[in-house]
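# Observations on the model geometry
Chain by chain, the residues:
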Amino acid sequence: MSEEKMVSLDIIDEQLIKKAEQEGIETMWDRKKAMKTPCGFGEQGVCCRICAMGPCRVSPVEGKGAQRGICGATADTIVARNFARMVAAGTSAHSDHARDIAHVMHMASRDGSYTIKDEKKLLVLAEEWEVKTEGRDIYDIAHEVAEVALNEFGKPFGTLRFPERAPEPRKKIWKELGIEPRAIDREIATIMHSTSIGCTSDAESLLKMSMRTSLSNGWGGSMMGSEFTDIIFGTPTPTVTEANLGVLEEKQVNILLHGHDPSLSEMIVMAANDPEMLKLAQEVGAEGINLAGICCTGNEVTMRHGVKLAGTFYQQELAVLTGVIEAVIVDVQCIFPSLTPVTDCYHTKFITTSPKAKVTGATHIEFNEAVALESAKAIVKAAVENYANRKQDKIFIPKSKAQAITGYSVEAVVKQLDRVVNSHIDSQGTVKPLADVLKAGVLRGAAGIVGCNNPKVRHEYSHIEIMKKLIANDVIVVTTGCAAQAAAKAGLLSKDAAKLAGKGLQAVCELVDIPPVIHLGSCVDNTRILKLVSAVAKFMDVDNSDLPVVGVAPEWMSEKAVAIGTYVVSSGIDVFLGVVPPVTGSKEVMDILTNKIEDMTGAKFFVDTDPHALTDVMLARIEEKREKLEQKL
Ligand code: SF4
Ligand code: MSK
C-alpha cells in the first residue's frame, strides 16, 4: 500500500487492520466506510432536536432553504446551542471524574487501600483553601480538603477557588466578561437550561456561557482531578517506559487498562504486583502479568509506575486483534462499545467496572472503592485465569515499540529547570530559566499538543507532523492524552529526539536534560499546561495571552476536547484545530470563535485540516506574540 493511502502513520496498525479483514472482524474503519458521506447538516451544526416539534434542519446558506426551525431558531442559535451543549458534556465528564477522585480522597486512610502519597502537595492546597493544618493529622486535613472540593460542585454562592491561581490580568478579564465560573454543576445545569427550547437564542450569550462553563472545567473539575490524583497517588516524576503494541508479551498475562479514572487503575497496578496474583499467573503457565495502557488511563499509570503504553484511543480494537490480551479492563470515557464484538472473536474478557459506563455484552465486575484492593484483585484474577484460553493460531504481536520518558508534572519540570539555576544569583524552584530562554528567543515559543484520534484524518499523521515541525523551529512541545501516546510511539518522548530539534531547543534539552516533547499526562492534566503557562506569565508579570504559546488539537474528536479548547482560549491561549468543529453553519458563531473572541480573551481558534499549513500559522502567530511581548517587557 502506498504511504498516502495508509489510514495510519503506523505500519503495525495497517497490519492489524489486514488481520481483522482476514478474520472477518469489523473495525472502526469498516464502520467509517459504511457511514458513507456524513450528514452535511450535522457536520455544520445546523440540526436541532432539542424539542419534539423537530428535529429541524435549517439551511446554513442565507436565503436558501429553511432559514429557521419551527420555533424560529436561526442557524446561529442552533449552532451556538449545540456548541454550548458539547462544552457542558465535556465539562461534566472531566468534572465527574474529579468528583470521584475527591470522594476517594475523602475515604483515604493510613491503613486503607487509598493513602496520601504527596503530603506536601496536600498541605500547600490546604493552606491555599484556608483549611487549618497545624496540629492536625494529615488524614483529617485530607478529608476536610476533600469536603471543600466536593462543595465546589454545588455551592450556592460565590465563584470557584482554583481560578484564583490565574495571573491577575486574566482574572480581571474574566470578571469584566462576567465569566468567572461559579459552582461546577451549576455551570453545566445553566447551559442545559439556557439551551432548552425557548430559552437563550443569542449566539454571543451562549458562547459566553460556554466559556464560563469551560472554565469551571479547566480551573475547576479538571484541575481538581490532577491535583487530587497527585496527592493520593503521588506527583509524577520522569519515568522511562516503552510504547506501542510491541509492548505486549507472548508469555505473560496481558491486561489492557483503558479509560480515565486512576482510582481503578492504581489498584489494578497494585493487584497485578501482588504475590498471590503472580503465583496464580505461574500456576496457569504464564511468566508474569504484563499491564499495558490505552488512552488516558495509560497516561496515568505510565507516569506514576512506568506501565507500558499499548497505544492510543484508535488502537483499542487493534490491541485485541493481537490475540494475546486476556482482559480489557475499563472504567469511564473513550471506550468503544465495539469492544464487545471484537473481544467476542477472541478469548479476551471485556470487563467494565463502573456503574457509569456499562457496555452491552461486556462482563461487569463492579469496582468497589470501599474494598478497592480486594475488588481489583478479583478483576485481575479473572484476567489471569483466562490465559489458558488463548487461541494460539490467532496470535500476532507486532514488533514495533519505542522508548519514551513520561511523567513530567509541573513540579518535575521545575526540578529539571533547577539544573541550570545559578544558586548564587537566583533561587531554585521557579520557572525563571524557562522565562529567560523564551524572552531571549532561544526558544521561540511553546505548544501544548493534546487530544484524541479521529478517523477523519490519518491516524497520528497530524500529531507527529506538527510536533516535528514545531520542535525543528525551536518551539518546545508539551503533550497530553492520546497525542502524547502518538509522540511516545514515534520516539519523540525520548531525549534522542532532540536531534530533530532546532539549535536553540537542542541546547535547552541538553542543559535541562529533557526530551523536546514533554509528556505532561492525561486529558485532565491539560490543567498542568495551564499552571505552567500561568506560572511563566506571572513570573514575567504579563498575561497568558502575551506569551508565545499555543494549544493544538490536531485530531480531536471528543466533547471533552471542545470543553478543553474553550477553556484554553478563555485562558488567553490560541487554539489550533486540525478537525473542523460542527459550527461552520453559523457565520456569527464562526466569526466569534475565530475572530471576535480575541477582543474578549486575547486568543482565538484557528482551523485547518492541513497540518503543515496549520503549523505555519502557529509559527507566524508565535512570532507575532513575541514582537508584542518584547514591546511590553
Ligand atoms: Fe426545531 Fe426549535 Fe425544537 Fe430545535 S427547539 S427542534 S429548532 S422547534
Ligand atoms: S483519552 S478524550 S481519546 S485524548 Fe483522554 Fe484520548 Fe481524547 Fe479520549
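What you see as residue numbers is a count from 1 along each chain, following the sequence as written. To read the labels, note that chains go from A and ligands from 1, taken in the order they are written. For a predicted model such as this one, the threshold for reporting local features is a pLDDT of at least 70, and the threshold for listing and counting side-chain atom pairs is 80 or more; totals across whole chains, interfaces and linings nevertheless cover every residue. Here the side-chain values reflect all heavy atoms present in the structure, with hydrogen atoms and water set aside.

### Structural notes on the overall build of the protein
How we decide: Secondary structure is summarised from DSSP: a helix means a run of H or I of at least four residues, a strand means a run of E of at least two, and numbering begins at the N terminus for each. The size measure is the radius of gyration over C-alpha atoms, and the globule rule it meets is 2.2 Å times the number of residues to the 0.38 power. Any residue under 20% of the maximum accessible area for its type is buried, any over 50% is exposed, and the rest in between are partly exposed; the area is computed with a 1.4 Å probe on protein chains only. In what follows, residue pairs with any heavy atoms lying within 4.5 Å of each other are defined as contacts. We get accessible surface area from the Shrake-Rupley algorithm with a probe of 1.4 Å; when it comes to residues, only the shown protein chains can shield them.
Across its full length, the protein carries 24 helices and 16 strands. The globule rule puts the C-alpha radius of gyration for 633 residues at 26 Å, and the 24 Å found for the protein is close to it. Residues classed as buried in the protein amount to 61% of the 633 residues present. A fraction of 75% describes how many contacts in the protein between residues 6 or more apart in sequence connect residues 24 or more apart. On the protein, roughly 24,300 Å² of surface is accessible, and the fraction owed to carbon and sulfur atoms is 52%.

### Topic: the site of ligand 2
The test is simple: We call a residue near a given molecule or strand whenever any one of its heavy atoms falls within 4 Å of it. Note on residue classes: Ala, Val, Leu, Ile, Met, Phe, Trp, Tyr, Cys and Pro are nonpolar, Asp, Glu, Lys and Arg are charged, and everything else, Gly too, is polar. Those domain boundaries reflect an automatic or database domain assignment.
Residues in close proximity to ligand 2 include His260, Cys295, Cys296, Phe313, Cys334, Gly451, Cys452, Gly481, Cys482, Cys523, Met557 and Lys560, which together make up its full environment. Breaking the shell around ligand 2 down by element, the ones donating at least two residues are helix H12 (295-305) and helix H19 (481-489). The class makeup of the residues in the shell around ligand 2 is 8 nonpolar, 3 polar and 1 charged. In terms of domain composition, the shell around ligand 2 takes at least three residues from each of domain 3 (245-394) and domain 4 (402-632).

### Considerations on unusual backbone geometry
The linkage connecting Gly54 with the following residue, Pro55, adopts the cis geometry, with an omega of 10 degrees. Phi is positive for Asn244, close to 110 degrees, though the residue is something other than glycine. With respect to the helices, strands and loops of the structure, Asn244 is situated in the loop between strand S3 (239-243) and strand S4 (253-258). Owing to a relative accessible area of 2%, Asn244 belongs among the buried residues under this scheme.

### Here we look at the site of ligand 1
Around ligand 1 lies a shell formed by Cys48, Ile50, Cys51, Met53, Gly54, Cys56, Gly69, Ile70, Cys71, Arg81 and Ile197. Here the residues of the shell around ligand 1 are counted per class, giving 8 nonpolar, 2 polar and 1 charged.

### Describing helix H6 (residues 138-154)
Note the following rule: Every helix has an expected span of 1.5 Å times one less than the residues it contains. Think of a polar contact as two N or O atoms within 3.5 Å of one another; within protein, one of them needs to be a possible hydrogen donor and the other a possible acceptor, and neighboring residues in sequence only count if both atoms come from side chains.
Between the first and last C-alpha of H6 there are 25 Å, a value that for 17 residues agrees with the 24 Å anticipated at 1.5 Å per step. Every buried residue belonging to H6 is among Ile138, Tyr139, Ile141, Ala142, Val145, Ala146, Val148, Ala149, Glu152 and Phe153, and all of these are buried. In this structure, the buried residues of H6 make contact with helix H4 (75-107), helix H5 (119-128), helix H8 (184-194) and helix H9 (203-233). Looking at where H6 begins, the residue whose side-chain oxygen comes 2.8 Å from the main-chain nitrogen of Tyr139 is Asp137.

### What about helix H15 (residues 372-385)?
Along an α-helix, residues three or four apart share an orientation, since each turn contains 3.6 residues. Counted at 1.5 Å a residue, the expected span for H15 with its 14 residues is 20 Å, and the 20 Å between its end C-alpha atoms agrees. Burial analysis of H15 places 10 of its 14 residues in the buried class, the great majority of the element. Buried within H15 are the following residues: Ala372, Leu373, Ser375, Ala376, Lys377, Ile379, Val380, Ala382, Ala383 and Val384. In the core, the buried residues of H15 are packed alongside S4, helix H10 (262-272), helix H11 (275-283), strand S5 (289-294), strand S7 (325-330) and strand S8 (349-352).

### Some thoughts on the pattern of salt bridges
Once the charged atoms of two side chains with opposite charge are near each other, the side chains can pair. Test applied: What counts as a salt bridge is simple: a side-chain nitrogen of Lys or Arg found within 4 Å of a carboxyl oxygen of Asp or Glu.
In total, this model carries 54 salt bridges according to the counting rule given. Residue Lys171 is joined to Glu164 by a salt bridge in which the shortest nitrogen-to-oxygen separation is 3.1 Å. A salt bridge links Lys625 to Asp574; the shortest N-O distance between them is 3.9 Å. Residue Lys625 is located in helix H24 (residues 611-632), and its partner Asp574 is located in strand S15 (residues 574-577); the two are separated by 51 residues in the primary sequence. Given the relative accessible area of 1%, Asp574 is considered buried.

### Here's the deal with the nonpolar core
This is how the line gets drawn: Nonpolar cores are built from buried Ala, Val, Leu, Ile, Met, Phe, Trp, Tyr and Cys residues. Side-chain atoms within 4.5 Å join them into one set.
Core analysis: the largest hydrophobic core is formed by 176 residues, its most contacted members being Met105, Val145, Phe228 and Ile289. Those residues in contact with Met105 that sit more than four places away from it in its chain are Ile116, Leu122, Ala142, His143, Val145, Ala146, Phe228, Ile231 and Ile232. Leu16, Ile25, Met28 and Leu256 belong to the second-largest nonpolar core, a separate cluster that totals 37 residues.

### Details of the pairing of strand S10 (residues 402-406)
Moving residue by residue along a regular strand, the side chains alternate between the two faces of the sheet. Here is the rule we go by: Strand pairing follows a simple DSSP-based rule, namely that at least 2 bridges must link the two strands.
Summarising burial for S10: 4 of the 5 residues are buried, a large majority. Bridge analysis of S3 against S10 gives 5 bridges, and the strand direction is antiparallel. What sits directly across from Thr241, in S10, is Ala404.

### Let's talk about the domain arrangement of the protein
Note the threshold: For any pair of parts, buried area is found by adding up, for both, the accessible area (1.4 Å probe) each one loses once the two are put together.
Domain annotation of the protein identifies domain 1 (8-57), domain 2 (75-233), domain 3 (245-394) and domain 4 (402-632). Between the C-alpha centres of domain 3 and domain 4 the distance comes to 32 Å. Every contact between the two is made by 18 residues of domain 3 and, on the other side, 22 residues of domain 4. A combined buried area of about 1,500 Å² lies between domain 3 and domain 4, and 63% of that area is made up of carbon and sulfur atoms. At the junction of domain 3 with domain 4, the criterion picks out 12 residue pairs in polar contact (both at pLDDT 80 or more).

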